[in-house]
Amino acid sequence: MAKCEVCGKGAHFGNAVSHSHRRSNKIYRPNIKTVRAIVNGGTKKVKVCTRCMKSGLVERA
């Protein structure tokens, strides 16, 4: 599974609870995009979550 290369956010697991309160397995995945970013003075493709892109932790190329 993909992880954010900036913050390390990955998939989390839990239960999906229906209206009748029956439980099944659920995977909560982060919104990860592949973007071209400036890393160490050069451009590189990195997998970054949209939260890191929005907060300005990634400088787009």
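As shown above, the structure is provided for reference.
What you see is a predicted model, and the numbers here were worked out from it, not measured in a lab.

**Q** Please clarify how the overall build of the protein chain should be interpreted in this entry.
**A** Per the secondary structure count, the protein chain includes one helix and four strands. The linear arrangement of helices and strands in the protein chain, starting from the amino end, is β-β-β-β-α. In summary, the protein chain has a C-alpha radius of gyration of 16 Å against a globular reference of 10 Å for 61 residues, an excess of more than 25%. Within the protein chain, counting contacts between residues at least 6 apart in sequence, those at least 24 apart form 27% of the total. Surface exposure of the protein chain reaches about 5000 Å², of which carbon and sulfur atoms provide 47%.

**Q** What's the story with the environment of Glu 59 in this structure? I'm lost.
**A** On the secondary structure map, Glu 59 appears in the segment after helix H1 (50–55). Overall, the relative accessible area of 54% leaves Glu 59 in the exposed class. Separated by 12 residues in sequence, Glu 59 and Lys 47 have C-alpha atoms that sit 13 Å apart. Apart from residues lying up to four places away in sequence, Glu 59 is in contact with Ala 37 and Ile 38.

**Q** When you look at the nonpolar core in this model, what are you seeing that I'm missing?
**A** Soluble globular proteins tend to pack their nonpolar side chains together in the buried interior. Core analysis: the biggest nonpolar cluster contains eight residues, these being Cys 4, Val 35, Ala 37, Val 46, Val 48, Cys 49, Cys 52 and Val 58. For this core, the secondary structure elements donating two or more residues are strand E3 (32–39) and strand E4 (42–49). With three residues, the top contributor of residues to this core is E4. Residues within four places of Val 58 in sequence aside, it is in contact with Val 6, Ala 37, Val 48 and Cys 52.

Calculation criteria
Residues numbered from 1 in each chain as written. Predicted model: local features only at pLDDT ≥ 70, side-chain atom pairs only at ≥ 80, totals over all residues. Heavy atoms only, no water. Helix = DSSP H or I, 4+ residues; strand = E, 2+ residues; numbered from the N terminus. Rg over C-alpha atoms; globule rule 2.2 N^0.38 Å. Contact = heavy atoms within 4.5 Å. Areas by Shrake-Rupley, 256 points an atom, 1.4 Å probe, with all protein chains shown as cover. Buried < 20%, exposed > 50% of the residue type's maximum accessible area, 1.4 Å probe, protein only. Core = buried A, V, L, I, M, F, W, Y, C linked by side-chain atoms within 4.5 Å.

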